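# Observations on the model geometry
Spelled out from the first residue to the last, the chains are:
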Amino acid sequence: MYVVTGATGQLGRLVVEGLLARVPASEVVAAVRSAEKAADLAARGVDVRVVDYDKPQTLAGAFAAGDRVLLISGSEVGRRIPQHRAVVDAAAAAGVALLAYTSAPGAATFRLADEHRATEELILASGLPYAFLRNGWYTENYLGDAAGTVARGVVLGSAGEGRIATAPRRDYADAAVAVLLGEDVNAVYELSGDTAWSLPELAAELAKVSGKPVGHRDVAPAEHLSVLVGAGLPEGFAAALVDVDAGIARGELAGTPGDLARLIGRPTVPLAESVRAALNA
């Protein structure tokens, strides 16, 4: 069986869809917190199993010997190490054939990467066959409110001229599918887009596609934090994003080793194409 945790999340659903295009639904397991949110998958023949990273007892029967499992990292920053430990322990007890994990780039030193490194260590200590999918930044992180950015006329950040090699979630999902269906184990993949770009270049692309003026404004980290909190983000998460921008300025998300394109068998989707899609242009 191919087991996807967090299967109703933004990345998880794309992975499940990718699997369903390649294998029978009877071989796919969606491990989710809410069966209701996965009702459409169950209707298509996917085995839906309710699990909760915070409730280890729900993980006891989630895996079986020989399963190939994708652990999609939890979204609750600060709680992920014990949550992931519960999944790793359950997978080890079951004797799964592969535990793939959506991690962070190896070059990252920003705080959001700490829990990913700790999870990799847990998986290595378990002795399980593994694959580390060290996902770079998603293009959607910058284009989720593309129309709003155009309306405001400014791309704001504190990353300076730092470059970011993003790719859309679907590219990362396709890579996860390739790893689950492949035969390689004990592998580390540094996944990123083929071409890195900067926030000024993002602003220029938004302006080009929209036909409206969009500029870039680089601010000090303290002002960036204030803007994000003012926009409604929790202060802790906002601080983590500002810390990521510092990492971008240091070049920690600029790597383009080509692992993602090799796994998916095609070039990654370029920024310009993602901008056009986000603006329906």
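What this report covers is the structure whose coordinates are included nearby. (Residues numbered from 1 in each chain as written. Predicted model: local features only at pLDDT ≥ 70, side-chain atom pairs only at ≥ 80, totals over all residues. Heavy atoms only, no water.)

### Observations concerning the overall build of the protein
For the protein, the helix and strand inventory stands at twelve helices and eleven strands. The globule rule puts the C-alpha radius of gyration for 281 residues at 19 Å, and the 19 Å found for the protein is close to it. With respect to the three principal axes, the spread of C-alpha positions in the protein is 55 × 35 × 35 Å. In the protein, which comprises 281 residues, the proportion classed as buried is 49%. When contacts within the protein are restricted to residue pairs at least 6 apart in sequence, long-range pairs at least 24 apart make up 76% of them. (Helix = DSSP H or I, 4+ residues; strand = E, 2+ residues; numbered from the N terminus. Rg over C-alpha atoms; globule rule 2.2 N^0.38 Å. Buried < 20%, exposed > 50% of the residue type's maximum accessible area, 1.4 Å probe, protein only. Contact = heavy atoms within 4.5 Å.)

### Regarding helix H3 (residues 80-94)
Spanning 15 residues, H3 covers 21 Å between terminal C-alpha atoms, matching the ideal 21 Å at 1.5 Å per step. Where the residues of H3 are buried, they touch strand S4 (68-71), strand S5 (98-103) and helix H4 (114-126). Immediately beyond the C-terminal end of H3, within one or two residues, lies Gly 95, with a positive phi of roughly 75°. (Expected span 1.5 Å × (residues − 1).)

### Digging into the packing of H3 against H4
Their axes nearest at 10 Å, the elements H3 and H4 cross at an angle of 20°. Taken together, the axes of H3 and H4 are roughly parallel relative to one another. Judged by the twist between their axes, the crossing of H3 over H4 is right-handed. Of the residues in H4, those touching H3 at Arg 80, Ile 81, His 84, Arg 85, Val 88 and Ala 92 are Glu 115, His 116, Ala 118, Thr 119, Leu 122, Ile 123 and Ser 126. (Axes fitted to C-alpha atoms, helices over the stretch in contact; angles between N-to-C directions. Parallel < 35°, antiparallel > 145°, perpendicular 65-115°, else oblique. Left-handed = near helix turned anticlockwise from the far one by under 90°.)

### Observations concerning the environment of Asn 141
Position of Asn 141 relative to the elements: it lies in helix H5 (residues 140-143). Through-space distance from the C-alpha of Asn 141 to that of Leu 228 is 14 Å; in sequence the pair is 87 residues apart.

### Some words on the sheet that holds strand S9 (residues 187-191)
Spatially, seven strands are ordered S3-S2-S1-S4-S5-S6-S9 in an open sheet, and the strand pairing comes out parallel. With one partner strand each, in any of the chains shown, strand S3 (47-50) and S9 form the two edges of the open sheet. On average, each strand axis in the sheet is tilted by 15° relative to the strand beside it, whichever way the strands run. Summarising the sheet, S4 and S5 pair through four bridges and their orientation is parallel. Within the sheet, the bridge partner assigned to Val 69 lies in S5 and is Leu 99. Packed on one face of the sheet, helix H1 (residues 10-20) meets strand S1 (2-5), strand S2 (28-32), S4, S5 and strand S6 (130-135) and runs near 165° to S1. Helix H7 (residues 169-181) rests against S1, S4, S5, S6 and S9 of the sheet, and its axis sits at about 155° to S4. (Pairing = 2+ DSSP bridges.)

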